[in-house]
Amino acid sequence: MSIQVLKVSGNSNANAVAQAIIEYVLKDSIVNIDCIGIKASYAVTKALIQATEYLVKNGFRFNLRPYYIKVQVSDQDEEQNVKTAIRWTLIAKEK
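Keep in mind the model is a prediction, meaning the values are calculated, not measured. (Residues numbered from 1 in each chain as written. Predicted model: local features only at pLDDT ≥ 70, side-chain atom pairs only at ≥ 80, totals over all residues. Heavy atoms only, no water.)

## A word on the pattern of salt bridges
As a reminder, the rule being used: Criterion for a salt bridge: a side-chain nitrogen of Lys or Arg within 4 Å of a carboxyl oxygen of Asp or Glu. Only DSSP runs of H or I reaching four residues or more are called helices, and only runs of E reaching two or more are called strands; each is numbered from the N terminus. Summary of the burial criterion: residues with accessible area below 20% of their type's maximum are buried, those above 50% are exposed, and those between are partly exposed, where the area comes from a 1.4 Å probe applied to protein chains only.
By the definition in use, this model includes 1 salt bridge. Here Asp 34 makes a salt bridge to Arg 87, at a shortest N to O gap of 2.7 Å. With Asp 34 in strand 2 (residues 30-35) and Arg 87 in strand 4 (residues 80-94), the pair connects residues that are 53 residues apart, well separated along the chain. Considered together, Asp 34 and Arg 87 belong to a single accessibility category, that of buried residues.

## With respect to the sheet that holds strand 3 (residues 60-74)
Spelled out, the test is: In this analysis, strands are considered paired if DSSP registers two or more bridges between them. In this description, a line fitted to the C-alpha atoms serves as the axis of each element, helices being fitted only across the stretch in contact, and the angle between N-to-C directions of two axes falls anywhere from 0 to 180 degrees. Any pair of residues with heavy atoms lying within 4.5 Å of one another is described as a contacting pair.
Sheet architecture is open: 4 strands sit in the order 1-2-4-3, paired in mixed fashion. Two strands lie at the open edges of the sheet, namely strand 1 (4-8) and strand 3, each paired on one side alone. Averaged over all neighbouring strand pairs, the angle between strand axes comes to 25°, with direction disregarded. Pairing between strand 3 and strand 4: 15 bridges, direction antiparallel. Opposite Asn 63, over in strand 4, you have Ile 91 as the bridge partner. Strands strand 1, strand 2, strand 3 and strand 4 of the sheet are contacted by helix 1 (residues 14-28), whose axis makes an angle of about 150° with strand 2. Across the sheet, helix 2 (residues 38-57) lies against strand 1, strand 2, strand 3 and strand 4, angled at about 155° from strand 3, the strand it touches most.

## A look at the packing of helix 1 against helix 2
How two helices pack is summed up by the angle between their axes together with the distance between the axes. The condition is simple: Put simply, angles under 35 degrees are roughly parallel, angles over 145 are roughly antiparallel, angles from 65 to 115 are roughly perpendicular, and the rest are oblique. Crossings are classed by handedness, with left-handed meaning an anticlockwise turn of the near helix from the far one by less than a right angle and right-handed meaning a clockwise turn. We call Asp, Glu, Lys and Arg charged. Ala, Val, Leu, Ile, Met, Phe, Trp, Tyr, Cys and Pro are nonpolar, and the rest, Gly among them, are polar.
Two elements in contact, helix 1 and helix 2, have axes whose closest approach is 8 Å; the angle formed by their N-to-C orientations is 45°. It follows that helix 1 is oblique to helix 2 by the angle criterion. The element helix 1 and its partner helix 2 pack so that their crossing is right-handed. Here Ala 14, Asn 15, Val 17, Ala 18, Ile 21, Ile 22, Val 25 and Leu 26 of helix 1 come into contact with helix 2, specifically with Ala 43, Lys 46, Ala 47, Leu 48, Gln 50, Ala 51, Tyr 54 and Leu 55. Tallied by class, the residues present in the contact of helix 1 with helix 2 amount to 13 nonpolar, 2 polar and 1 charged.

Put into structure tokens, the structure is as follows:
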């Protein structure tokens, strides 16, 4: 079992992110979703609502936990910067 980390940007399609979350949860029972910024956080929120609704309707129970992590990002000058991201961890199990 490998824990997949989805990195969501502000331009990400919430429906596509929700589908990816569902696929990884059904495959491995756990997925991490990372986002930096307001637009990305909103996209993740919409995706998590869709994904958890699907899981509930299909007889899953789940734990969902947000926390802060430090991530290294490259800017346009290829400099490495450390930023704070929100990581959501979703663990789901069939009832």
